[in-house]
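The primary structure of each chain is shown beneath.
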Amino acid sequence: VGLVPALVFIPLAYRYDHRGVLSLGIVSLASAIGLLVSPVSLMKRGFIPKSELITVGLAYGALLVVIGVASDYGNIKKHFKSSYIHSGAHFLFIACLAGLVSEEKKLVFLIVLSVLCGFGAFYAKRFHSFSILVIVSVYTYIGVSYLVSRVITDTTVQPIYIGISFLIVVVALLTFRKHLSTA
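Cut-offs used in this document
Residues numbered from 1 in each chain as written. Predicted model: local features only at pLDDT ≥ 70, side-chain atom pairs only at ≥ 80, totals over all residues. Heavy atoms only, no water. Helix = DSSP H or I, 4+ residues; strand = E, 2+ residues; numbered from the N terminus. Buried < 20%, exposed > 50% of the residue type's maximum accessible area, 1.4 Å probe, protein only. Polar contact = N/O pair within 3.5 Å; in protein donor to acceptor, adjacent residues only side chain to side chain. Salt bridge = Lys/Arg side-chain N within 4 Å of Asp/Glu carboxyl O. Axes fitted to C-alpha atoms, helices over the stretch in contact; angles between N-to-C directions. Parallel < 35°, antiparallel > 145°, perpendicular 65-115°, else oblique. Left-handed = near helix turned anticlockwise from the far one by under 90°. Contact = heavy atoms within 4.5 Å. Nonpolar A, V, L, I, M, F, W, Y, C, P; charged D, E, K, R; others polar. Patch = residues over 30% accessible without salt bridge, like charges linked within 9 Å, V, L, I, M, F, W, Y side chains within 5 Å. Areas by Shrake-Rupley, 256 points an atom, 1.4 Å probe, with all protein chains shown as cover.

### A look at the side chain of Ser-165
- Its location among the elements puts Ser-165 in helix H8 (residues 157-182).
- Taking relative accessible area as the criterion, Ser-165 reaches 12% and is therefore assigned buried.
- At 3.3 Å, the side chain of Ser-165 and the backbone oxygen of Ile-162 are in polar contact.

If you want it as structure tokens, here you go:
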């Protein structure tokens, strides 16, 4: 279903040099390969994604990041790089969080999350990308908070953790934003 729009949108994006149309093509292609998730299907299945969906999400996200980097280095529509990298980062992190929540191999997905966080932070600093820093911070915060909630089961301590840790993340982001803009 999503393959036809993807085959229309992506060439049109390159022809008319439009990042919005490229994003539509990226999402249509994701739908075509099965990365479409609806709230109804999540409720019916109990919010547990299949392992294949997680693997495809990781592969598709990595492919988008590689295409973004290659377009920059290959000097082909360099300004499309951010669309590819942002979309790829979202697919990578969402797949990683889905694996962390639903799979038994939580350590593997924690390692993948840590690696993604490291690469994302490096990229954000190297290219002065506050948006990537926010993406990395939000998804990493969600993953770490999920793991902490599995360890800290006291319902009076959890809100305290969330309040304090959220405040720390916001202050850190604002501090790093100031650093990125002056560097």
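### Here's the deal with the pattern of salt bridges
- Scanning the entire structure with this criterion turns up 3 salt bridges.
- Its salt-bridge partner being Lys-78, residue Asp-72 comes within 3.9 Å of it at the nearest N-O pair.
- We classify Asp-72 as buried; its relative accessible area is 17%.
- Lys-78 gets classed as partly exposed once you look at its relative accessible area, which sits at 42%.
- Ionic pairing is found between Lys-81 and Asp-72, a salt bridge with its closest N-O pair at 3.4 Å. When sorted by exposure, Lys-81 lands in the same class as Asp-72, which is buried.
- Sharing partners across several salt bridges, the network here consists of Asp-72, Lys-78 and Lys-81.

### Some thoughts on the packing of helix H6 (residues 106-126) against helix H7 (residues 130-151)
- Interaxial distance between H6 and H7 falls to 9 Å at its minimum, and their mutual angle equals 155 degrees. Here H6 lies roughly antiparallel to H7, going by the angle between them. As for how H6 packs across H7, the hand of that crossing is left-handed. Contact with H6, carried on its side by Lys-106, Leu-110, Leu-113, Cys-117, Gly-120, Ala-121, Tyr-123 and Ala-124, involves Ile-132, Leu-133, Val-136, Tyr-139, Thr-140, Gly-143, Tyr-146 and Leu-147 of H7 and no other residues of that element.
- Residues belonging to the contact of H6 with H7 are distributed by class as follows: 12 nonpolar, 3 polar and 1 charged.

### Notes on a nonpolar patch on the surface
- A surface patch of nonpolar side chains, about 400 Å² in accessible area, is lined by Val-4, Val-8, Leu-12 and Tyr-16.
- Locating Val-4 in the fold gives a position in helix H1 (residues 3-16).
- Judged by its relative accessible area of 59%, Val-4 falls in the exposed class.

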